[in-house]
Every structure is written in C-alpha cells, then in structure tokens.
Amino acid sequence: MKNRVVPVLITLVLIIVVGIFTAISLINNYRKGSTEFVDFEETYELDENQYVVVLNDAIQDYRGIEDGGSVYISAQAVADSINDRFYWDSNEHIFIYTTATQVIKAYPDEQAYHVGDETVSLDYVPVKTIDGTVYVSVNYIQEYTQCEVESFSDPNRLVLTTQWGDKTAVTASEDTVLRLAGDLQSDILKDVTAGETVTVVASEEDWSWTNVVTDDGYVGWIENRYLGDTQTVTTQAPPFQEEEFTYIKEEGTICYAWHQMTTEELSGVNYLIQALNNTSSINIIGPTWFSFDGTDGHVRSIGNADYVNYAHQVGVKVWAVFQNQATPGGEMNGINTDNILAYTSKRETLVSEVISYALEYGIDGINLDFEMILEEGADNYIQFIRELSVACRNNGLCFSIDNYVPLYTQHYDRAEQALFADYLVIMGYDEYGAFSSEPGPGASLPYVQQGIEDTLALIGGDSSKVINAIPFYTNVWEDDGVNPAGLNTTATMPEARSYLQRYPESTVITWNSELGYNYCYYTSPLNGSQISMWLEDADSIAAKLELMDQYDLAGVAIWKLQQESADAWTPIAAYVNGETIPTHERQQEAQAQSQ
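Reading guide: rules and limits
- Residues numbered from 1 in each chain as written.
- Predicted model: local features only at pLDDT ≥ 70, side-chain atom pairs only at ≥ 80, totals over all residues.
- Heavy atoms only, no water.
- Helix = DSSP H or I, 4+ residues; strand = E, 2+ residues; numbered from the N terminus.
- Rg over C-alpha atoms; globule rule 2.2 N^0.38 Å.
- Buried < 20%, exposed > 50% of the residue type's maximum accessible area, 1.4 Å probe, protein only.
- Contact = heavy atoms within 4.5 Å.
- Areas by Shrake-Rupley, 256 points an atom, 1.4 Å probe, with all protein chains shown as cover.
- Lys, Arg positive; Asp, Glu negative; His and termini not counted.
- Charge placed at Lys NZ, Arg CZ, Asp CG, Glu CD.
- pLDDT = per-residue confidence, 0-100.
- Pairing = 2+ DSSP bridges.
- Axes fitted to C-alpha atoms, helices over the stretch in contact; angles between N-to-C directions.
- Core = buried A, V, L, I, M, F, W, Y, C linked by side-chain atoms within 4.5 Å.
- Parallel < 35°, antiparallel > 145°, perpendicular 65-115°, else oblique.
- Nonpolar A, V, L, I, M, F, W, Y, C, P; charged D, E, K, R; others polar.
- Patch = residues over 30% accessible without salt bridge, like charges linked within 9 Å, V, L, I, M, F, W, Y side chains within 5 Å.
- Salt bridge = Lys/Arg side-chain N within 4 Å of Asp/Glu carboxyl O.

Next up on the list: the overall build of the protein chain. Counting its regular elements, the protein chain contains 15 helices and 33 strands. Taking 25 Å as the expected radius of gyration for a compact globule of 595 residues, we find that the protein chain reaches 34 Å, considerably beyond that expectation. Its C-alpha atoms put the protein chain at 125 × 70 × 45 Å along the principal axes. Put simply, the protein chain has 595 residues, and 52% of those count as buried. Look at the contacts in the protein chain between residues 6 or more apart in sequence, and 66% of them connect residues 24 or more apart. Accessible area for the protein chain stands at about 27800 Å²; split by element, carbon and sulfur atoms hold 47% of it. Distance between charge centroids for the protein chain: 8 Å, based on 27 positive and 88 negative side chains.

Summarising the model, the protein chain shows a mean pLDDT of 94, and 94% of its residues fall at 70 or more. Predicted confidence for residues 23-30 stays below pLDDT 50, and this span has three contacts to residues more than four positions away or in other chains.

Moving on: unusual backbone geometry. With the exception of glycine, the majority of residues adopt a negative phi angle, and the majority of peptide bonds are in the trans configuration. Looking along the chain, the bond that leaves Asp154 and enters Pro155 is cis, with omega of 0°. Secondary-structure assignment places Pro155 in the loop between strand 11 (148-152) and strand 12 (157-161). With an omega of -5°, the peptide bond between Trp559 and Lys560 qualifies as cis. Counting through the fold element by element, Lys560 comes out in the loop between strand 33 (555-559) and helix 14 (569-576). We note that Asn278 has phi near 65°; this positive angle belongs to a residue other than glycine. Here Asn278 is to be found in the loop between helix 5 (269-276) and strand 21 (284-293). Not every positive phi belongs to a glycine, and Asp430 is a case in point at roughly 60°. Structurally, Asp430 is set in the loop between strand 26 (423-427) and helix 11 (445-458).

Below, the discussion takes up the sheet that holds strand 8 (residues 118-121). In space, the five strands of this open sheet follow the order 4-5-6-7-8, with antiparallel pairing throughout. Lying at the two open borders of the sheet, with one neighbouring strand each, are strand 4 (86-89) and strand 8. Averaged over all pairs of adjacent strands, the angle between their axes in this sheet comes to 25°, without regard to strand direction. Docked against the sheet, helix 9 (residues 378-394) engages strand 4, strand 5 (94-98) and strand 6 (103-106), running at close to 55° with respect to strand 5.

Turning our attention to the nonpolar core. Generally speaking, nonpolar side chains in soluble globular proteins are found buried as a group. Membership of the largest hydrophobic core comes to 100 residues, with the highest contact counts inside it found for Trp289, Phe322, Ile363 and Tyr381. When residues in this core are grouped by element, the largest group, seven residues, is from helix 9. Other than its neighbours up to four places away in sequence, Tyr381 contacts Leu341, Leu368, Phe370, Ile373, Ile401, Asp402, Tyr412 and Gln417. Ranked by size, the runner-up nonpolar core spans 29 residues in total, among them Leu55, Val78, Trp88 and Val138.

With that settled, the discussion passes to the packing of helix 7 (residues 334-341) against helix 8 (residues 344-361). For any two helices packed against each other, the geometry is given by the interaxial angle and the distance between the axes. Running from amino to carboxyl end, helix 7 crosses helix 8 at an angle of 100°, the nearest separation of the two axes being 6 Å. Between helix 7 and helix 8, the angle is such that the two are roughly perpendicular. Contacts between helix 7 and helix 8 pair Asn339, Ile340 and Leu341 from the former with Lys346, Arg347 and Leu350 from the latter. Here the residues of the contact of helix 7 with helix 8 sort into three nonpolar, one polar and two charged.

Moving on, we get to a negative patch on the surface. A contiguous patch of negative charge on the surface is contributed by Asp39, Glu41, Glu42 and Asp154. Locating Asp39 in the fold gives a position in the loop between helix 1 (2-32) and helix 2 (40-43). Asp39 sits in the partly exposed class, given a relative accessible area of 40%.

The next thing to look at is the pattern of salt bridges. One pass over the structure, following the stated rule, counts 16 salt bridges. Note that Lys167 and Asp57 form a salt bridge whose closest N and O atoms lie 3.3 Å from each other. Here Asp57 lies in the loop between strand 1 (50-55) and strand 2 (58-67) and Lys167 lies in strand 13 (residues 165-172), a separation of 110 residues in the sequence. One salt bridge connects Asp216 with Lys190, and the closest N-O pair in it is separated by 3.4 Å. Taken together, the positions of Asp216 in the loop between strand 17 (209-213) and strand 18 (219-223) and Lys190 in strand 15 (residues 188-192) put the pair 26 residues apart, joining distant regions of the chain. No difference in accessibility class separates Asp216 from Lys190, as the two residues are buried.

Below, the structure is given as structure tokens:
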C-alpha cells in the first residue's frame, strides 16, 4: 500500500509544480503582452493605394487615395472637415472656392482651374473622379488652406494639420511599443524608442494607458509606466497668405428704414416722398425691389433710377432689398429657394442680373433678405452669399444680410456671413406672432438682448458689423375664453392706439420695465373677449435703442416705413445723433422733477 502512495504523491507534486510554472509562464507572457504587429491594411480596411487620414491627431472615417502621383480626398470630406469654404456643386459638377474678390472653379478631370474667363494650368489634376466619387488633390487643398500635409508609406498614412497652439506632449522613458488599444493583448502598431516624444490625445489620472499620436501618423496607446512627465508644447502655423477682405463702412450711426412695395407704380418718387414725410434721421432706405423671376435664376425688378436720384438729393442712401419670393411681396419658400441656389449657373444669373439692376439704378448697396432657408439648403445659401459679396465688393456696393435671431437658425453660418458681408442685420422682432399658441410681446428686451449677444458671439464680437432691426407694428391679441391667442391682428402704431381709444374708461395700461413695453388690455363689452397688446410706441422703441446703445452697434433698422406714429422718431433721432435717449424712466423722472 505504501509503495502505491508514493508514486501518486510524486505525480501530484509534479502536476502542481508544472501547473505553477505554467501559470507563472502564462502570467509573464500576459504581462509581456502581444508581440504580434497589426496588419495595418486589414485593420483599417485599406484597398490598394488608399491612405488612412489623420487630421489634427484623429483618424478620420474616410480614406485618401493615391492617383497619378497625388493623394486625393473626397470633395465632401474636404468641405466637411478640412476647409468648409470649398463648395461642391453636385448638380453641375463644379468644385468652387471663393475669395474676397474671386470665384475659382475647378471641373473634374481637368488639369486646370478657372477664374472668370482665365484658365490656370497645373502640373496635376486638382479635382478628379475616381470610381464615381469626386476627389480633391491635397496639393490643391493647400493652395487655399493653411495646413501642413505629410504622407507616409508602408503602411500608407496621410497626416494633415489645420489647428495649432498648445498641445500636451510626453516622452517615452524607455523602449516600449504603441498598441492599437489600451490593452496588453492588443497588437502592436510600432516600436517606440526611449526619448521619442509623442502627442497626447487623451489621458485621465485613473487610466493606466495614454492615447497618443506619433509624428508619423500612428494613433494608439502606450502604457503609462513607460512614459515620463507631460509637458506643454506650442505648435506654430506654417506661413500662409491670408485672404484680405475690405469692407464698406458707413459714417456715424446707421438708421436703415425698409420701404415695402410690390409694384412698379409704388416705387415712384411720389411714394418715396410720402414715406419720408415727417420722418427723422433716416440715412439709408431699403425699397423691396428685387425678387425671383421663375426658377431659372432670373431676377424680377420693380426699381427705378428716379427713386434713387431723389433719395440722394435729400441725403439718403439706397440699399435695395433682394428677397427670395416668387413675386414681390409674396411667400418666401425655402424649398423653391434651394432649388435655385443649388445650381451654380442659376446663382450666377441671379448675381449678374441683380448687380446689373443695381448699377443701372445707381443704388448704394444690396440688402439680402432670404428667409425660411432650409437646413439642408444652408450650404447653397452661404455659397450664394459668397458669390454675391464678390460682385458687390468688385462694384463698390455695400452688402448687408438680414437674419432672424440666432436662436432658431444656427445653420445660417453667421461667422461666414460676417466675413463676406459689410453688415449683418438682426431682425429682432416676431418674438410672438400669428404662429404663437399664446399671446406675447413682439420684441421684448430679453429677446432683443439675446439676439444681439448670440449674434456677436457667433461672429467674434465685432459689433461694428451688426445692425438691430426694430418693429413699427403691434400684435393685437383677442382671448375669447377658449383660445388665448384666438385672434391675432397686426396693427400699425396708429391703429394700435385706436384700439385703446375704443373703451378708455376700462382700458388698463401698465409699463413693464423688464420687457420694455406698455402692456395694455381691456374687456370688450360686445362679446366679453379680452383684448391685449404689448404696445409698440415711443417708449418701447426708446427702451430697445437704449439697450442697443450699450452694445455699440452699427445702428438700427426699421420694419417698416409708414407704420409709425410721429413720436417714434424722437428716440430714434436721439440714438442716431448720439444724444440721451428719452426712455420711459427718464421721462417719468423729468416729470417728477418738474412738479
């Protein structure tokens, strides 16, 4: 029995010893990690001649492709991630870049680009169709983009940088490896030698790995125990000739009044004389002259030179309004607008015809009032702005653009607008209206203030480019007991006052300093409905102008002439002339002191 036990014990001991050594070996091998190198092409699904694109230290979800000695990136990817001033017209197959004074076109598979009637030949093809997709050469991208580009082979990497400044770097303290993922069992991208510096992409205190990118375009992970202390390095942008934009700037504070008209007859001098009668401090007028004529890019005009000549005689400049309406005064339609602006040939026709009219009439500027722009049509709209701005600048015409408050229209790209246009006009009204489910003010002080501050934030804070527009109309609300906003009527300033004169004994008027309005209401003895309004009057206008004055804006715009009461011009004149604005509070204080 004893003889049998000993061999069994020896066997068990041997099994345990082998198991221990095996476990130790497995642990050591695990701790050592994978020694396999990544199959780069398989991992990143690279076909022949394709490149992984690393843009600003991040691997992109698109690929570069080498063809004819140049590396290309898809036109859509270029516009989306590298330089959004590049524009691809997918309808007419034109790749466009717009400078301050030129519209530059490249057509697929031509070894040249075009500026007006001039053709510029190149030693490479700037835009090429490869397997049905349009690609752009990185050489051409560099012509118009401040960027650094390096390509590496075996495996293929294309490294682009468009952002510079402070970055976090770290140096390897000893030889190690860069892995595809932050895991010892992840395969190796490349060896890293002691003293090699890499850029930190992501790192946290409780992480044992750091996400880094190497100078030659590998993005991966290094175990922290092989890294030294981090340091901040400042990268410098390469030399690049920045585009120079020049702007037309009006002297003094602008008072721009829109003059709505829908027929040629209404654009006559007599109607201008009537519109300007008893006004004060207007230095620019905006007749609504230009609109779409059909869907092929033609412009309908109801303007004339006599109107302009008279305006100039009385010291008023003319910024004629171009609206995206099928007929003057008609509906603004985003779908119809995009169907026109999506074609380069149609945009060119619009620009050519509106500039021709402008020069014929002798106007001073063009005010673009395109509304209801669709989010999916925003790129086409912005490209039209660029192209129209070039024509205006080259012809000495001031170019301004009307915008809603940014709250609902972030896709309007006000930063790009501000770069190309002389002025941006905030349509700082329609806070509440016929579209509202409840009654409210047309342009309260918080609403106006947010519109100004949001706009300034989007354009880099340049208040000298911003004009805020105020309304000369009031929304009259009727609460019938069922729907608080049951009947909404838009009234001119005199019409709104006439409502208050119907039942003066039962009408309540209260000044609301927070909103900047006289709030008025009464109950109709005819049907029991409550009529209410936030009254647009001299007090409300003064409150808005006082607010605007704090932001040192370029001026005020007004929608629209012939809706005002005479006293509205008193605060406007004070604002334009740099005088103390007669706000409600100042008038109350003056009355108290006089008693």
